[in-house]
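Observations on chain architecture
Here is how the chains run, residue by residue.
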Amino acid sequence: MHYGNPEVIHGVTVMRDALSPVEQIHLLADLREVAKTAPPFSPMTGWGKPMSVQITAAGRFCWFSDRKGYRYITAHPETGQPFPAIPALALKIWRTFETRVDPDCCLINHYREGARMGLHQDRDEADFGFPVVSLSLGDPGLFRIGGTERKAPTRSFWLHSGDAMVLESETRLAFHGIDRIKFGESALLAGGGRLNLTLRRVAPATT
Ligand code: MD3
Ligand code: FE
């Protein structure tokens with residue numbers, strides 16, 4: 001294991017084993033509490049089909065999509081309640097990469113068997129000068145990243161449980177997605193599958 005040594009893979013900063021096995025278990029326990037307050041849901045895609053990934057969030061904002069389009073929301077679509085606080089371990093990882101501001105969104109993506117996420121850009125946040133930090137838990141996911149134009153060539157690598165990834169500068173607006181997961185490889189999640197946390201700053205930094 002090599003906690004705390006970032007490497008650059010296909011232009012992306014990756015910190016393998018950013019979370020130790022015991023930290024992964026603690027974070028997972030916090031995420032179970034988040035899911036009790038803010039139950040995961042499947043947003044509608046632009047084509048009117050539900051996404052194969054289930055999502056929920058911690059922090060002020062959650063990404064949301066329906067027939068009216070996609071946007072960030074501040075109340076859970078079913079309960080109407082605000083989202084719970086961002087788990088401490090997730091905040092700790094963000095602060096090792098970005099000290100100017102804390103994230104105001106921790107999007108939680110749950111991949112069950114066969115779930116995937118198509119190539120897309122994340123550009124609904126106010127300030128692309130802030131990074132997006134991703135944390136992976138559970139089964140491995142095959143991450144694909146291209147350039148800032150959809151037609152640019154793409155490259156892939158596997159993300160494993162405990163890995164952190166930082167998307168900043170040139171990669172912040174890169175097209176990216178998850179092609180598939182190796183379902184049932186990790187024992188972390190009881191029913192198998194993969195959880196991905198993306199920590200973002202949605203609103204501008206207040207001075
Ligand atoms: C590159 N999630 O939630 S995380 C997403 O594994 C998302 O669930 C994937 O793409 C997942 O939007 C990939 C890595 C990631 C997140 C945000 C990015 C890569 C990014 C924003 C810009 C560029
Ligand atoms: Fe994304």
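The sections below set out a description of the structure shown in this document.

Rules behind the numbers
Residues numbered from 1 in each chain as written. Chains lettered and ligands numbered in written order. Predicted model: local features only at pLDDT ≥ 70, side-chain atom pairs only at ≥ 80, totals over all residues. Heavy atoms only, no water. Pairing = 2+ DSSP bridges. Helix = DSSP H or I, 4+ residues; strand = E, 2+ residues; numbered from the N terminus. Axes fitted to C-alpha atoms, helices over the stretch in contact; angles between N-to-C directions. Donors = N, O, S within 2.8 Å, 3.2 Å for Na, K, Ca; no water. Buried < 20%, exposed > 50% of the residue type's maximum accessible area, 1.4 Å probe, protein only. Contact = heavy atoms within 4.5 Å. Near = heavy atom within 4 Å. Polar contact = N/O pair within 3.5 Å; in protein donor to acceptor, adjacent residues only side chain to side chain. Salt bridge = Lys/Arg side-chain N within 4 Å of Asp/Glu carboxyl O.

This next bit is on the sheet that holds strand E13 (residues 194-200). The strand order across the open sheet built from seven strands is E1-E2-E11-E8-E13-E6-E3, with neighbouring strands paired in antiparallel fashion. The strands lining the two open edges of the sheet, one partner per strand, are strand E1 (6-9) and strand E3 (54-58). The mean angle between the axes of side-by-side strands here comes to 25 degrees, regardless of whether they run parallel or antiparallel. Bridge count between E1 and strand E2 (residues 12-15): four bridges; the pairing is antiparallel. Across the sheet, the residue bridging to Val8 is Thr13, located in E2.

Our focus in this paragraph is the coordination of the iron ion (ligand 2). Coordination of the iron ion (ligand 2) by the protein is provided by His120 (NE2), Asp122 (OD) and His176 (NE2), with metal-donor distances spanning 2.1 to 2.2 Å. Relative accessible area serves as the criterion here: at 17%, His176 is assigned to the buried category.

For the rest of this paragraph, the subject is the environment of Phe157. By the element assignment, Phe157 lies in strand E10 (residues 155-159). When the C-alpha atoms of Phe157 and Cys62 are compared, they prove to be 27 Å apart, with 95 residues separating the residues in sequence. Not counting the four nearest positions on each side in its chain, Phe157 is found in contact with Ile9, His10, Val12, Val14, Arg16, Gly141, Leu142, Phe143, Ile145 and Met165.

Now for the site of ligand 1. Neighbouring ligand 1 are 20 residues, the closest being Tyr111, Asp122, Arg172, His176 and Arg194. Take His176: an N or O atom from its side chain is 2.9 Å from an oxygen atom of ligand 1. Between an oxygen atom of ligand 1 and a side-chain N or O atom of Asn196, the distance comes to 3.3 Å. For the shell around ligand 1, the secondary structure elements donating two or more residues are strand E6 (105-111), strand E7 (117-120), strand E8 (132-138), strand E11 (164-167), strand E12 (176-181) and E13. Counting residues per element, the shell around ligand 1 draws most heavily on E13, at four residues.

Strands sit in the order E7-E12-E9-E10 across an open sheet of four strands; the sheet is antiparallel. Of all the strands in the sheet, just E7 and E10 have a single pairing partner and so form its edges. Neighbour-to-neighbour, the strand axes of this sheet turn through a mean angle of 25 degrees, independent of strand direction. In terms of strand pairing, E7 meets E12 through two bridges, oriented antiparallel. Within E12, the residue paired with His120 across the bridge is His176.

Within E13, seven of the seven residues are buried, leaving the element largely enclosed by the surrounding structure. Pairing between E8 and E13: six bridges, direction antiparallel. Across the sheet, the residue bridging to Gly138 is Arg194, located in E13.

The subject of this paragraph is the pairing of E11. The two faces of E11 match: Ala164 and Val166 on one face and Met165 and Leu167 on the other face are all buried. When E2 meets E11, the two strands line up antiparallel, connected through three bridges. Bridge pairing in E11 places Val14 opposite Met165. Two strands pair when backbone bridges link them, and E8 and E11 are joined in this way by four bridges, in the antiparallel orientation. What sits directly across from Ser134, in E11, is Met165.

Further remarks concern the pattern of salt bridges. On inspection of all chains with the given rule, the structure shows 13 salt bridges. Taken together, the shared-partner salt bridges connect Asp122, Glu125, Arg172 and Arg200 into one network.

The next point concerns the side chain of Thr171. The residue Thr171 is located in the loop between E11 and E12 in this model. Each residue touching Thr171, except ones within four places of it in the same chain, is listed here: Gly11, Val12, Ile145 and Val166.

None of this, on its own, says anything about what the molecule does.
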